[in-house]
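Letter by letter, the chains look like this.
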Amino acid sequence: MSNSDLTPRDRFTSRFGIIAAAAGSAVGLGNIWKFPYVAGQGGGGAFLVVYVLFIAAIGLPVMLSEFSIGRRAQRNAIGSFKNLAPRTPWFLVGVMGVAAAFLILSFYSAVAGWTLEYIIKSFSDAFAGRDEEELNLMFSTFVSGTWRPLFWQLIFMVLTAWIVVAGIKQGIEKYTKVLMPLLIVMILVLCVRSITLPGGGAGLAFLFNPDFSKLTAGTLLGALGQAFFSLSLGMGTLITYGSYIQKNNNLSETVIQVSVTDTLIAILAGIAIFPAVFAFNIDPAEGPGLVFITLPNIFQQMPGGYFFSIIFFTLLLIAALTSSISILEVVVAYIVEELHLTRKRATILASVMISVLGIFCSLSLGILSDFRIFGLVIFDLMDFTASNLLLPLGGLFIVLFVGWYLGAGPARNEISNEGALRLGYFPLFMFLVRFIAPFAITLVFIYGLGLIRI
Ligand code: PHE
C-alpha cells in the first residue's frame, strides 16, 4: 500500500488555484523568450494565425487528455498509466515523461539562472552606454564562464525546490496564486511602454498583419512544436497536475482558461517586444539573443529603461519559476508515490540529480564546448532530445491512449464529471484525439528527428 492510500492526497483547493498553477506551468521561457523570436523568424502575423489554429485543434484536446488521465488515475505520470492500464507497456509513456522532465529542467534552470544575473545587471545599470556588440560580448562572456552561471543556476534550483517541497496547497498553489497576477501586471506595464514608443506601430503591424506568402512548411511545423512546448504538453506535467484537481472541477473550462492565458501572454510578449524592436531598428528575426542582447540594448536607449529592464527580467524569472516547479513536480510525485520516499527526500534527491546534469549543460557552453554528441553540445543535446523527441512522442501516445485504449466511455465519464456536465462537443473531442492530433503530432515528430527536411 502506498502513502497516498493512507493519507488524503494533497490537492489544489480552489478553481483559481488550479488555473494559476496550470497557467503558471504553461507560461514560461517558452512564451516570453522563445515565442517572440520564433514568431519573428516565422514572419510575424502569419505565424501567429497558424499557432493559434494549432492550439485550438491540437493543444486543447491533448491538454484535456492529460488532465483526464491524471484526475481519473489519481497518480503521478507513471503511476497513472499503471493504474488505468495495468500490466501493459503504457507506463513507458510516463517513464519518457519523467526522463523529459530531467532533461528539460537541466537546461531550463540554466537559462532561468541567466535571468537572475540579468536582474542584478539591471539594478547596477550595467547596460548603460553600451552598443549591441558590447552587449553581445557581455552575454557570451557570461554564459561561457564557469562559476557565475553555475552559481545562479544553483540558486534557481534551490528556489524551485523550496516551493515544491512545501507541497501542492502550501507550495505550488500558494506561490502561483500570487506570482501569476504579478506577472500579468508586469507584462501589461511593458506593453504600454512599448506601444507608446515613437515608431512602435510598425511592430504591431508586423505581429498582426498576416503575410501568408511567408508561410512555409517549416514554419507550420515550427508553430506546432512551439504550441506543444508552450502549453507544457507531452511529458505528464498536466497528468500530474490533473491528479490534484478536484472531482467537481469542469476540466474543459480549465483547459480553455489555461490555453487562452498562455496564448494571450505569448501575444502580449510579442506586443511588448516588437514595437520596441521596430522603434530601435533591430531585426525581428534576430534569434535566441533577442531577450538577453537586444532588449538590454533597447532598454538603455529608452526613457525609463532602467526600471523597465528590472521589470522585464523579473518577469522572466517569475515565468521560469512557475514552470520549473511544474517540471520538478513530475519527478517528485513519481518518487514519492512509486518509490515511497518522503516529499522532502524526493525533492532533494530529484533537485540534486537535475542540478548535476545541469552543471554539464551550463559548462557545455564554456569549457566543455568541445565535447559533442551527434555534433551537439550537451545543452543543445538535452533540448533536442527532450523537445524534439520525447515531448512529441509522449503527446502522441497520450492522445492515442485516450482515443483508442481508454475509449469514449471512460473519457466521457471523466470529462463530464460522471455525467454531471453536458458535453455537446464530445464527438469533436474524440475525433481530434483519435485522428487529427495523432496525425499532426507524427508530422512534427518525424520533422524533429530530421527524417524529413522541409
Ligand atoms: N511551458 C513551459 C514554457 O513555456 C515549458 C514547459 C515545457 C513546462 C514542458 C513544463 C513542461 O516555458
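Further up the page is the structure itself.
This is a predicted model, so every value here is computed, not measured.

Draft legend 1. Summary view of the site of the ligand. What surrounds the ligand is a group of 15 residues, the closest being Ala26, Gly30, Tyr108, Phe229 and Ser230. Take serine 25: an N or O atom from its main chain is 3.3 Å from a nitrogen atom of the ligand. Take phenylalanine 229: an N or O atom from its main chain is 2.9 Å from a nitrogen atom of the ligand. Protein burial of the ligand: of its 330 Å² of free accessible surface, 100% is covered by the chains. Among the elements of the structure, helix H2 (15–26), helix H3 (29–41), helix H11 (217–230) and helix H15 (305–338) are those that each provide at least two residues to the shell around the ligand. Taken together, the residues that form the shell around the ligand break down as 6 nonpolar, 9 polar and no charged.

Draft legend 2. Spotlight on the packing of aromatic side chains. Taken as a whole and judged by the stated rule, the model has 32 aromatic pairs. Taking 6.2 Å as the distance between ring centres and 5 degrees as the angle between the ring planes, the aromatic pair formed by tryptophan 114 and phenylalanine 379 counts as stacked. Of the two residues, tryptophan 114 is situated in helix H6 (residues 91–123) and phenylalanine 379 in helix H17 (residues 378–406); the sequence distance between them amounts to 265 residues. Phenylalanine 379 matches tryptophan 114 in its accessibility class, with the two residues each being buried. Taken together, a centroid distance of 5.2 Å and an interplanar angle of 85 degrees make the contact between tyrosine 306 and phenylalanine 307 edge-to-face.

Draft legend 3. View of the packing of helix H4 (residues 45–73) against H17. As a packed pair, H4 and H17 sit with axes 9 Å apart at the nearest point and diverge in direction by 70 degrees. In terms of their interaxial angle, H4 and H17 are classed as roughly perpendicular. Our pair here, H4 against H17, has a crossing hand that is left-handed. Residues Val62, Ser65, Glu66 and Ile69 of H4 form the contact with H17, whose participating residues are Ile398, Val399, Phe401 and Val402. Residues of the contact of H4 with H17, tallied by class, amount to 6 nonpolar, 1 polar and 1 charged.

Draft legend 4. Geometry of unusual backbone geometry. Positive phi, close to 55 degrees, is recorded for aspartate 125, a residue that is not glycine. Tracing the sequence through the fold places aspartate 125 in the loop between H6 and helix H7 (132–143). Within the chain, histidine 340 stands out as a residue other than glycine whose phi angle is a positive 60 degrees. Tracing the backbone through its elements, the reader meets histidine 340 in the loop between H15 and helix H16 (343–363). Histidine 340 gets classed as partly exposed once you look at its relative accessible area, which sits at 44%.

Draft legend 5. View of helix H10 (residues 201–208). Taken as a whole, H10 has its buried residues at Gly203, Phe206 and Leu207. Projection of H10 onto a plane perpendicular to its axis shows the buried side chains occupying an angular sector of 95 degrees, all on one side. Residues of H10 that are buried in the fold lie against H3, H4 and helix H13 (251–279).

Draft legend 6. Region of interest: the nonpolar core. Phe292, Phe312 and Phe313 are the most contacted members of the largest nonpolar core, which totals 158 residues. With 19 residues, the top contributor of residues to this core is H15. Setting aside chain neighbours within four positions, we find phenylalanine 312 in contact with Ile32, Leu190, Ile273, Val291, Leu295 and Phe299.

Criteria and cut-off values
- Residues numbered from 1 in each chain as written.
- Predicted model: local features only at pLDDT ≥ 70, side-chain atom pairs only at ≥ 80, totals over all residues.
- Heavy atoms only, no water.
- Near = heavy atom within 4 Å.
- Polar contact = N/O pair within 3.5 Å; in protein donor to acceptor, adjacent residues only side chain to side chain.
- Areas by Shrake-Rupley, 256 points an atom, 1.4 Å probe, with all protein chains shown as cover.
- Helix = DSSP H or I, 4+ residues; strand = E, 2+ residues; numbered from the N terminus.
- Nonpolar A, V, L, I, M, F, W, Y, C, P; charged D, E, K, R; others polar.
- Phe/Tyr/Trp six-rings, centres within 6.5 Å; stacked < 30°, edge-to-face > 60°.
- Buried < 20%, exposed > 50% of the residue type's maximum accessible area, 1.4 Å probe, protein only.
- Axes fitted to C-alpha atoms, helices over the stretch in contact; angles between N-to-C directions.
- Parallel < 35°, antiparallel > 145°, perpendicular 65-115°, else oblique.
- Left-handed = near helix turned anticlockwise from the far one by under 90°.
- Contact = heavy atoms within 4.5 Å.
- Arc of directions from axis to C-beta.
- Core = buried A, V, L, I, M, F, W, Y, C linked by side-chain atoms within 4.5 Å.

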